[in-house]
Amino acid sequence: MRPLLEVDDIHVRYGDLVALRGVSLHVDEGEVVCIIGPNGAGKSTTLAAVAGGVAPFRGEIRLAGEPLTGRRPEAIARLGLSLVPEGRHIFGTLTVDENLKLGGHVQSDKRRAADDKERLLDLFPRLRERLSFPAGRLSGGEQQMLAVARAVMTRPKLLLVDEPSLGLAPRIVDQIYEILLDLRRRENLTLLINEQSSNRILKHADRIHVLRGGRIQLEGRADALRDGEAIRNAYFGFSHGSAPAPVQETHA
Ligand SMILES: Nc1ncnc2c1ncn2[C@@H]1O[C@H](COP(=O)(O)OP(=O)(O)OP(=O)(O)O)[C@@H](O)[C@H]1O
Ligand SMILES: [Mg+2]
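Residues numbered from 1 in each chain as written. Chains lettered and ligands numbered in written order. Predicted model: local features only at pLDDT ≥ 70, side-chain atom pairs only at ≥ 80, totals over all residues. Heavy atoms only, no water.

Trainee: Quick question: what am I supposed to make of the coordination of the magnesium ion (ligand 2) here?
Mentor: Reference values for angles at a metal are 109.5 degrees in the four-donor tetrahedral case and 90 or 180 degrees in the six-donor octahedral case. On the protein side, the magnesium ion (ligand 2) has Ser44 (OG) and Glu86 (OE) as donor atoms, found 2.0 to 2.1 Å from it. Residue serine 44 is found in helix α1 (residues 43-51), and its partner glutamate 86 is found in the loop between β6 (81-84) and α3 (96-103); the two are separated by 42 residues along the sequence. What makes serine 44 partly exposed here is its relative accessible area of 28%. (Donors = N, O, S within 2.8 Å, 3.2 Å for Na, K, Ca; no water. Helix = DSSP H or I, 4+ residues; strand = E, 2+ residues; numbered from the N terminus. Buried < 20%, exposed > 50% of the residue type's maximum accessible area, 1.4 Å probe, protein only.)

Encoded structure:
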């Protein structure tokens, strides 16, 4: 069967800086695929290219066989793709309810938008209790839940999530992943997720890609990479067989 998302040899530049140098990956329907890489690896750029925020100068991206390259972000969203951006981008002075309404903005049918909100609040009971709170007063984990809830208002087929763990305690990271995996089951979602660290992610993802310097350095099934050594070598650029210096894990 054809993958839901196909990213085929994309190259992206910002002025003189080439951020992606031939990134290829695919995500099958129902999969949870993770891109791991250090600062500046090109993770956000990859998701931005898929969502239409930046235009690759080479390569192709397809969603369910439809070419995305050259389409505007709103048109891509209508094809069933939604992005939870890095840093969440919720509106702190607006209430939780108002933030959710903004998520439904491509939804022209008001009745359906209201049904979608009810369905979401069943999935996120914590948000139901806090509907009239200013979003800026939520905890980091609750803000991440709100960002995810807003992104799934429109019933996407594919959800892109940029560093959901950022700044969250390990226990909260696990909760966020449980919510994402629950959404996969209940909403038939497919997930492509960026993270800086593979800690805690390996147990939740089906497949992992390590991105560094704008290139995929390693790709494999999460269960096969569980001991972490191949990931560390790809992440830090150790050549195969060279003895890596002791490394400190810098991210929770
Ligand atoms: N809007 C931009 N203009 C110019 N350069 C950019 C822009 N966005 C990203 N870059 C550069 O492109 C490269 C890849 O950045 P990107 O944000 O995709 O990395 P990342 O893997 O998401 O990093 P992080 O883990 O810090 O979020 C970096 O060198 C970055 O400085
Ligand atoms: Mg990033």
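Trainee: In this structure, what is going on with the nonpolar core? I would like to understand it.
Mentor: Generally speaking, soluble globular proteins have nonpolar side chains that are buried together. Counting 45 residues, the largest nonpolar core has Phe124, Leu159, Leu180 and Ile208 as the members making the most contacts within it. The residues contacting leucine 159, other than those within four sequence positions of it, are Ser82, Val84, Val148, Ala151, Val152, Leu180, Leu189, Thr190, Leu191 and Leu192. With 27 residues, the next largest nonpolar core counts Val7, Leu20, Val27 and Ala49 among its residues. (Core = buried A, V, L, I, M, F, W, Y, C linked by side-chain atoms within 4.5 Å. Contact = heavy atoms within 4.5 Å.)

Trainee: Would you explain the sheet that holds strand β5 (residues 66-67) in this entry?
Mentor: Strand-to-strand pairing in sheets goes through backbone hydrogen bonds, with the strands running parallel or antiparallel. An order of β2-β1-β4-β5 is seen for the four strands of this open sheet, with the pairing classed as antiparallel. On the outer flanks of this sheet lie β2 (17-27) and β5, each paired with one strand and no other. Alignment of strand β4 (residues 58-63) against β5, held across two bridges, turns out to be antiparallel. Residue pairing in the sheet places leucine 63 in a bridge with glutamate 66 of β5. Strands β1 (5-14), β2 and β4 of the sheet are contacted by α1, whose axis makes an angle of about 115° with β1. (Pairing = 2+ DSSP bridges. Axes fitted to C-alpha atoms, helices over the stretch in contact; angles between N-to-C directions.)

Trainee: Would you mind showing me how to read the packing of α3 against helix α6 (residues 140-152) here?
Mentor: In the contact formed by α3 and α6, the axes pass within 7 Å of each other and the chain directions differ by 35°. Every pair of crossing elements has a handedness; the one defined by α3 and α6 is right-handed. Contact residues: Val96, Asn99, Leu100 and Gly103 in α3; Leu146, Ala149 and Arg150 in α6. Classifying every residue of the contact of α3 with α6 gives four nonpolar, two polar and one charged. (Left-handed = near helix turned anticlockwise from the far one by under 90°. Nonpolar A, V, L, I, M, F, W, Y, C, P; charged D, E, K, R; others polar.)

In short, geometric facts, not functional conclusions.
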